[in-house]
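Remarks on the overall topology
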Amino acid sequence: EGIDTGDIIYSKEFIFPESAKSPLERQIYSREIALVAFNDLIELFIKNGTLPKGRMQSDHQSTYFPRLNSNVHGCINWSWTAIDIERFIQAFDDPYDGAFTRLCNHSIKVRLKKVRRISSEYEYHPFQSGIIYRINEEGLFICTNRGALFIGEVLDEEGNSYLKALNLGDRFYSTEEDLSRALSTRVFYSPSGMQKSKS
């Protein structure tokens, strides 16, 4: 009667490969697994003439997390460690709009995508976090707390590339207002999209 509360008639466990970083890559991979599982289920049905007997779902290891919206919750906290920021940016990558932050002296909000942690770099002081210290033809390198990040895509609010407008020494930062809104807002969705938010 509820959503995702019915008996399980078939399941297939799998682990995402290391190469599947973004939500889009994980969607594509899990859909391939789902197609194989669905075909297996059909074959079982053809062979036995009936579906497998269902088993009740167990709440023993169940978890629930509220829905997110990248425009509200995708604000990067530059006090986090390199690995925390890397995972956060990856979580809001394609097919979503991207994690967002602001650029000092540019008066613009930008979205970051295509991130990877640079393990061979120095561990920078937390005050340096967010500073662009190197730029090449593929993207830019940013200081973070306990490491560094490579960013391959920076987009303005219209979704256009903003990489060429960036300079060495520019700093990404996030406002207390943006960070507070991300933590204090819960969004709700209906079939027509995000309906309301509560702060």
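Residues numbered from 1 in each chain as written. Predicted model: local features only at pLDDT ≥ 70, side-chain atom pairs only at ≥ 80, totals over all residues. Heavy atoms only, no water.

1. What to know about the confidence of the model for the protein chain
As a reminder of what qualifies: A score from 0 to 100, pLDDT tells how confident the predictor is in each residue. Going along the chain from the N terminus, every DSSP run of H or I of four or more residues is numbered as a helix, and every run of E of two or more is numbered as a strand.
Per-residue confidence for the protein chain gives a mean pLDDT of 91; residues scoring 70 or more make up 97%. Highest mean pLDDT in the protein chain belongs to strand E1 (residues 99–103) (97); lowest belongs to strand E8 (residues 193–198) (64).

2. Looking at the layout of surface pockets
For clarity, the cut-off: Think of a 1 Å grid over the protein atoms and nothing else: a 1.4 Å probe that fits but is trapped marks a cavity, an open set flanked by protein within 12 Å on at least five of seven lines marks a pocket, and residues with an atom within 4 Å of a point count as lining. Grid points are joined across faces, edges and corners, and a volume is the space filled by probe spheres set on the points. Classification used: nonpolar for Ala, Val, Leu, Ile, Met, Phe, Trp, Tyr, Cys and Pro, charged for Asp, Glu, Lys and Arg, polar for all others including Gly.
Its volume calculated, the largest pocket comes out at about 350 Å³. If you trace the largest pocket, you find it lined by Phe65, Pro66, Arg67, Leu68, Asn69, Ser70, Ala91, Phe92, Tyr96 and Tyr189. When the residues that make up the lining of the largest pocket are grouped by side-chain class, the tally is seven nonpolar, two polar and one charged.

3. Describing the packing of aromatic side chains
What counts, and what does not: Two rings belonging to Phe, Tyr or Trp (six-membered ring only in the last case) form a pair when the distance between their centres is within 6.5 Å. Interplanar angles under 30 degrees mark stacking, angles over 60 mark edge-to-face geometry, and anything in between is tilted. The classification of residues rests on relative accessible area computed with a 1.4 Å probe and restricted to protein chains. Under 20% of the type maximum is buried, over 50% is exposed, and intermediate values are partly exposed.
Considering all chains together, one arrives at nine aromatic pairs under this definition. Between the aromatic rings of phenylalanine 88 and phenylalanine 92, the centroid separation amounts to 5.0 Å while the plane-to-plane angle is 55 degrees, which identifies the pairing as tilted. Taking 5.2 Å as the distance between ring centres and 40 degrees as the angle between the ring planes, the aromatic pair formed by tyrosine 124 and tyrosine 133 counts as tilted. Exposure remark for tyrosine 124: the relative accessible area of 14% places this residue in the buried category.

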